[in-house]
Amino acid sequence: MHTPLIELSAIRKSYGGGDAPEVHVLRGIDLSIHAGEFVAIVGASGSGKSTLMNILGCLDRPTSGEYRFAGDNVATLDSDELAWLRREAFGFVFQGYHLIPAGSAQENVEMPAIYAGLPAAERHARAAALLDRLGLASRRGNRPHQLSGGQQQRVSIARALMNGGHIILADEPTGALDSHSGAEVMSLLDELASQGHVVILITHDREVAARAKRIIEIRDGLIISDSAEDNPSAQHSAAPGALQAVDLRKRLTQGAEATGAWKGELVDAVHAAWRVMWVNKFRTALTLLGIIIGVASVVVMLAVGEGSKRQVMAQMGAFGSNIIYLSGSAPNPRTPPGIVTLDDVAAIASLPQVKQIMPVIGQEAGVRFGNLDHLSYVGGNDTHFPSIFNWPVVEGSYFTRADEQNAAAVAVIGHKVRTKLLKDVANPIGQYILIENVPFQVVGVLAEKGASSGDSDSDDRIAIPYSAASVRLFGTHNPEYVAIAAADARKVKEAEQAIEQLLLRLHNGKQDFELTNNAAMIQAEARTQNTLSLMLGSIAAISLLVGGIGVMNIMLMTVRERTREIGIRMATGARQRDILRQFLTEAVMLSVVGGLTGIALALIVGGVLILSEVAVAFSLFAVLGAFGCALVTGVVFGFMPARKAARLDPVTALTSE
Ligand code: ADP
Ligand code: MG
């Protein structure tokens, strides 16, 4: 005597209880089904047939009673093992077909094999062969709404057979079909039964039921007749090759793990995710705005911050970071600023830590050439200018020591003065310009500093001898500031300290002067920039948070809209973790698309900024960081909806609207 494949004893199922009135749908079902049987379960609508089938197919658990599958008590199996059983042992055919609307016929048929971990090539071939066999070769690429009812039902039969379909559970498979398509489906089931599949057919139609070898009648949750009891020998007329209970049990104990499934599932999940996003383009785009703006703002703001930082550093560095500036300052707000004299300058020049020293006296002054007027910075300084500021002359030459001694009216003009004021003369050398109405002869043109520093204003300057500035223009003798080049660029701090001590001594201990240097200014600038970056970063973080909530929202909506799809996937053998993985993949995909779009947007905005001459420096770190944040957002905010989907009860999901 073989162990029955399916053995139900005293199975009861009731709904409600508690507040709702209790409904007893199944009231004690005893039933054995052996390998190779073709069974019809008939009964009026509402008699509990579908409920029984859901229990048989391990989509639902009975309220009480025992269900043994191949001798094993199903109640002891966990949800993964039940999923394995649905995937490997059963094939479902529903009255409403239950195909996934977004997938093609081929994809629908392939689905159970994805969860079983069949390699892609085998999967494609097998699904195509099954569709061929069911006469749907030319309909592989069609989506369910492009197929007739009969064709959809044949697709669902192909799906049921995809993993073998040892036990076909068909719930009113012809219920929604016209008589011709219905007859086709019935002869298919007939054929399957004769090939050794167990077919359990549920119907309210006695004519349909008559095709089966065994007819069980159910009324109000109880079996009222079973043809096998009238004719016991029919029970074991299994066709040759029929799957025996023992085979399945062996396979079940071999381990419920489908190895290598994750790859196929991931491809499927990415594919499905992409499809969903594409179908709801507009909704997706709106939801992703948060992430897009978040990512784009992080990248752009960091790029602008970095760009301006580099620019400032270049500007300062262009004049040399070993330069210390000295100027008078007020020791407290009520006293006038101290004065740095040329005697001070001479004293400092003798310090060993000082390489060069240059007093500067200067201010904005009106400059005229021909009938053109221009306002420019005019500085009186000495011949150290080109070397101390690392600023060569490109036309003519710098003024000489003799010019300085004679307070000669000669000028070396900056690039901008050359292009603004003397643009019409081929050779500016030898021309006369008026500075505050005093004529000066141009002897040289400075190289373009702005080209390296990014600040073209530094080119708007004129250098004249210190003596000439003092005597001819400004009428003061003391320098406005003094530029000092430290002997060793790495020991600027020490040089500064030496100068400070010397000056304190010369100024009778009064701190009425100020020393600054570019290195310190660069550091201060960098600190400001970092604070700014932090602030921008938090703004971006907030928009990512908003984006994450958007992702969560869209995912919750998706789960609700696709509850039935989740049910179908579970019926074909998806485990909870497969569903979790799928919806998590979708959430991550959403964020990835949002992140990539954000980066693209950032590059476009950056491009526009570069065109409008804003300093922008994109960093790979910022781009990757922002993208990573978007990814994490997807995982974090997608997890809750995905878990919600995974925890759905298969029957509830299947029967949802
Ligand atoms: P059949 O498939 O034979 O038409 P069903 O098994 O679908 O019948 O349903 C049998 C009875 O169980 C019906 O009266 C139905 O109202 C009830 N029923 C089914 N599902 C639920 C449920 N989730 N909650 C409450 N009652 C239910
Ligand atoms: Mg039903």
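Residues numbered from 1 in each chain as written. Chains lettered and ligands numbered in written order. Predicted model: local features only at pLDDT ≥ 70, side-chain atom pairs only at ≥ 80, totals over all residues. Heavy atoms only, no water.

An unreviewed UniProt entry lists the protein chain under the name Pyoverdine export ATP-binding/permease protein PvdT, with Pseudomonas vancouverensis given as the organism. Annotation of the protein chain in UniProt includes, under Subunit (unreviewed entry), the sentence "Part of the tripartite efflux system PvdRT-OpmQ, which is composed of an inner membrane component with both ATPase and permease domains, PvdT, a periplasmic membrane fusion protein, PvdR, and an outer membrane component, OpmQ." Looking at the Subcellular location (unreviewed entry) heading of the UniProt record, one finds this comment for the protein chain: "Cell inner membrane". (UniProt positions renumbered as here; feature names shortened; annotations may be inferred.)

Draft legend 1. Highlighting the packing of helix 12 (residues 342–349) against helix 18 (residues 492–506). At their nearest, the axes of helix 12 and helix 18 sit 10 Å apart, and the two run at 140 degrees to each other. It follows that helix 12 is oblique to helix 18 by the angle criterion. For helix 12 against helix 18, the interelement crossing comes out right-handed. Contacts from Asp344, Ala347 and Ile348 in helix 12 reach Ile499, Leu502, Leu503 and Leu506 in helix 18. A breakdown of the residues in the contact of helix 12 with helix 18 according to their chemical character gives 6 nonpolar, no polar and 1 charged. (Axes fitted to C-alpha atoms, helices over the stretch in contact; angles between N-to-C directions. Helix = DSSP H or I, 4+ residues; strand = E, 2+ residues; numbered from the N terminus. Parallel < 35°, antiparallel > 145°, perpendicular 65-115°, else oblique. Left-handed = near helix turned anticlockwise from the far one by under 90°. Contact = heavy atoms within 4.5 Å. Nonpolar A, V, L, I, M, F, W, Y, C, P; charged D, E, K, R; others polar.)

Draft legend 2. Quick peek at the packing of aromatic side chains. For the structure shown, the criterion picks out 9 aromatic pairs. Relative to phenylalanine 389, the ring of phenylalanine 385 lies with its centre 5.3 Å away and its plane at 85 degrees, an arrangement referred to as edge-to-face. The residues phenylalanine 385 and phenylalanine 389 share a single accessibility class, namely buried. The interplanar angle of 35 degrees and the centroid separation of 4.6 Å between the aromatic rings of tyrosine 398 and phenylalanine 399 together place this pair among those described as tilted. (Phe/Tyr/Trp six-rings, centres within 6.5 Å; stacked < 30°, edge-to-face > 60°. Buried < 20%, exposed > 50% of the residue type's maximum accessible area, 1.4 Å probe, protein only.)

Draft legend 3. Spotlight on the UniProt feature "transmembrane region" (unreviewed entry) in the protein chain. As annotated by UniProt and renumbered to match this structure, "transmembrane region" (unreviewed entry) occupies residues 285–305, 532–556, 587–611 and 617–639. Taken end to end, residues 587–611 has its terminal C-alpha atoms 36 Å apart, with 100% of it in helix and 0% in strand.

Draft legend 4. Looking closely at the domain arrangement of the protein chain. In terms of domains, the protein chain is made up of domain 1 (6–259), domain 2 (275–314 + 524–654) and domain 3 (339–509). Each of domain 1 and domain 3 was reduced to a C-alpha centroid, and the two centroids are 95 Å apart. (Domains from an automatic or database assignment.)

Draft legend 5. Region of interest: the environment of aspartate 171. Of note, aspartate 171 is situated in strand 7 (residues 167–171). Aspartate 171 gets classed as buried once you look at its relative accessible area, which sits at 10%. Remark: the alpha-carbon pair of aspartate 171 and glutamine 146, spanning 25 residues in sequence, is separated by 23 Å.

Draft legend 6. Layout of unusual backbone geometry. With a phi angle near 60 degrees, cysteine 58 is a residue other than glycine that sits in the positive phi range. If you trace the backbone, cysteine 58 turns up in the loop between helix 1 (49–56) and strand 4 (64–69). Residue classification places cysteine 58 among the buried positions, given a relative accessible area of 4%. For alanine 70, which is not glycine, the phi dihedral falls at a positive 50 degrees. Secondary-structure assignment places alanine 70 in the loop between strand 4 and strand 5 (72–73). Assessed through its relative accessible area of 2%, alanine 70 is described here as buried.

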